[in-house]
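Examining the three-dimensional arrangement
So the chains spell out like this:
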Amino acid sequence: NTDKAMQIVLEGLDKGAGRKTELYAFVQEHLHAQGDIDGIFGLLKRKVENKNLDDHSDLAHDSTYQYLSAHYKSTHDYQGQVKLLEFRLTVDQINLDFYKEAEEILNPADWATFEEKMLQRLRKAIQEKRSAEFSWARDTRVENQTLAEIYDYKNDVGKLFEVASTDVALLVKYEAKLLPHHPDIYVERYAGEIDRLISARGRENYQVAAKYAQQVKRIYQTILKTPDKWGEYIDDLRSKNKKLRALQEELWK
């Protein structure tokens, strides 16, 4: 009795505990045999609602998502592809691969609208986290990194700098592209990072601070062409921290 079997399996998907991979595969195979693509899309939604994706939170690596993606592409079902992308946008973490996939699939008009939705979603997530009540909830590194990767891919140097300027790690990552346009900002941010590391104390922090100092030296001497300012900066840094022997050793290296 196939209907009774399906009823039991569906109850198991909603109420059962533990591994449900085989149950989902059973339902998907049954729907595939019936040619019920809408039913398989509904199965994907059930997976999301029940937090039963194959890869926990990564929709793109889920077998049901991959089945639907392959089906819509092979049958040239553009509206199906659009529907799947829209669904993914509401439940999945945006990354550069998702961005590229949507750009490849959508026609120019739809892509312009969808791209703006993606960027707005990332910006909104950043705003919400920054205004969070607790400090541990204000970490926006993932969203910032994704935005930076997208703007780097688009070669939008202005927008890339806007994002990278909020995170020194991103300034370092995209230094080759951004430094020629903003050397003064790089000196300012690297100097700030040096001060932060010195305040944290410890040989390891001093070693990292010295590496930033090397970059400040390079910017002053080879990009800004102001070696005298480098001399003033490093002399002042040594003078302010003359009691920190370990730091002095790292700087002299």
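A look at the overall build of the protein chain
- Each helix and strand in the protein chain was counted, giving 15 helices and zero strands.
- Relative to the compact-globule value of 18 Å for 253 residues, the protein chain shows a C-alpha radius of gyration of 26 Å, a clear excess of over 25%.
- Overall, the C-alpha framework of the protein chain stretches about 85 × 40 × 30 Å when taken along its three principal axes.
- For the protein chain, the proportion of contacts with a sequence separation of at least 24, taken over those separated by at least 6, is 47%.
- Of the roughly 14900 Å² of accessible surface on the protein chain, 50% is carried by carbon and sulfur atoms.
- Positive and negative charge centroids in the protein chain, built from 39 and 43 side chains respectively, lie 7 Å apart.

Regarding the packing of aromatic side chains
- For the structure on display, the rule yields seven aromatic pairs.
- Arranged with centres 6.0 Å apart and planes meeting at 85 degrees, the rings of Tyr99 and Tyr153 form a pair that is edge-to-face. On the criterion of sequence distance, the pair formed by Tyr99 in helix H6 (residues 96–105) and Tyr153 in helix H8 (residues 141–154) is long-range, its members being 54 residues apart.
- Members of the aromatic cluster, connected to one another through ring pairs, are Tyr99, Trp111 and Tyr153.
- Above the ring of Phe41, the side-chain terminus of Lys83 is found at 4.4 Å from the ring centroid.

Overview of the pattern of salt bridges
- Throughout the structure, instances matching the rule amount to 19 salt bridges.
- Across the salt bridge formed by Lys154 and Glu115, the nearest N and O atoms sit 2.9 Å from each other. A residue pair is termed long-range when its members are at least 10 positions apart, and Lys154 in helix H8 and Glu115 in helix H7 (residues 108–130) qualify at 39 residues.
- For the salt bridge of Glu175 with Arg218, the shortest nitrogen-to-oxygen distance reads 2.8 Å. Of this pair, Glu175 sits in helix H11 (residues 175–178) while Arg218 sits in helix H13 (residues 203–223), and the two are 43 residues apart along the sequence.
- On the accessibility criterion, Glu175 (13% relative accessible area) is buried.

Description of the environment of Tyr78
- The topology assignment puts Tyr78 in helix H5 (residues 78–91).
- Given a relative accessible area of 22%, Tyr78 falls into the partly exposed group.
- Distance in space between the C-alpha atoms of Tyr78 and Leu68 is 12 Å, their sequence separation being 10 residues.
- A polar contact of 2.6 Å, which involves the side chain of Tyr78, links it to the side chain of Asp110.

Observations regarding the nonpolar core
- The biggest cluster of nonpolar side chains holds 52 residues, and the ones touching the most others in it are Leu106, Phe114, Met118, Ile194, Ile198, Val216 and Tyr233.
- Of all the elements, H13 adds the most residues to this core, at eight residues.
- The contacts of Tyr233, once residues within four sequence positions are left out, are Ala191, Ile194, Val216 and Tyr220.
- In this structure, Leu31, Ile37, Leu53 and Tyr65 belong to the second largest nonpolar core, which totals 18 residues.

Topic: empty space enclosed by the protein
- This structure, assessed with the given rule, holds one cavity of 30 Å³ or more.
- Forming the boundary of the largest cavity are Tyr65, Ser69, Tyr72, Lys73, Gln81, Leu84, Leu85, Glu101 and Ile105.
- When residues of the lining of the largest cavity are assigned to their parent elements, the largest contribution, four residues, is made by helix H4 (residues 63–74).

Considerations on the packing of helix H3 (residues 37–49) against H4
- Interhelical geometry of H3 versus H4 gives an angle of 150 degrees and a closest axis separation of 9 Å. Considering the angle they form, H3 stands roughly antiparallel to H4. The handedness of the crossing between H3 and H4 comes out as left-handed. The residues of H4 that touch H3, namely those facing Ile37, Ile40, Phe41, Leu43, Leu44 and Lys47, are Ser63, Thr64, Tyr65, Tyr67, Leu68, His71 and Tyr72.
- Grouping the constituent residues of the contact of H3 with H4 by class yields nine nonpolar, three polar and one charged.

So, H5
- Between the first and last C-alpha of H5 there are 20 Å, a value that for 14 residues agrees with the 20 Å anticipated at 1.5 Å per step.
- Within the span of H5, buried status applies to Gly80, Gln81, Val82, Leu84, Leu85, Phe87, Arg88 and Leu89.
- On its buried side, H5 packs onto H3, H4, H6 and H7.
- The backbone nitrogen of Gln79 lies 3.4 Å from a side-chain oxygen of the residue at the head of H5, namely Asp77.

Section: helix H2 (residues 21–34)
- The end-to-end C-alpha distance of H2 is 20 Å, a good match for the 20 Å that 14 residues give at a rise of 1.5 Å each.
- Within H2 the residues assigned to the buried category are Tyr24, Val27, Gln28 and Leu31. Along the axis of H2, the buried positions cluster into a sector of 100 degrees, meaning they face one direction only.
- Buried residues in H2 make contact with helix H1 (2–15), H3 and H4.
- In the segment just after H2, Gly35 is the residue with positive phi, at about 70 degrees.

Reading the values: the criteria
Residues numbered from 1 in each chain as written. Predicted model: local features only at pLDDT ≥ 70, side-chain atom pairs only at ≥ 80, totals over all residues. Heavy atoms only, no water. Helix = DSSP H or I, 4+ residues; strand = E, 2+ residues; numbered from the N terminus. Rg over C-alpha atoms; globule rule 2.2 N^0.38 Å. Contact = heavy atoms within 4.5 Å. Areas by Shrake-Rupley, 256 points an atom, 1.4 Å probe, with all protein chains shown as cover. Lys, Arg positive; Asp, Glu negative; His and termini not counted. Charge placed at Lys NZ, Arg CZ, Asp CG, Glu CD. Phe/Tyr/Trp six-rings, centres within 6.5 Å; stacked < 30°, edge-to-face > 60°. Lys NZ or Arg CZ within 6 Å of the ring centre and 35° of its normal. Salt bridge = Lys/Arg side-chain N within 4 Å of Asp/Glu carboxyl O. Buried < 20%, exposed > 50% of the residue type's maximum accessible area, 1.4 Å probe, protein only. Polar contact = N/O pair within 3.5 Å; in protein donor to acceptor, adjacent residues only side chain to side chain. Core = buried A, V, L, I, M, F, W, Y, C linked by side-chain atoms within 4.5 Å. 1 Å grid on protein atoms, 1.4 Å probe; cavity = no way out; pocket = protein on both sides within 12 Å on 5 of 7 lines; lining within 4 Å. Points joined across faces, edges and corners; volume = space filled by probe spheres on them. Axes fitted to C-alpha atoms, helices over the stretch in contact; angles between N-to-C directions. Parallel < 35°, antiparallel > 145°, perpendicular 65-115°, else oblique. Left-handed = near helix turned anticlockwise from the far one by under 90°. Nonpolar A, V, L, I, M, F, W, Y, C, P; charged D, E, K, R; others polar. Expected span 1.5 Å × (residues − 1). Arc of directions from axis to C-beta.

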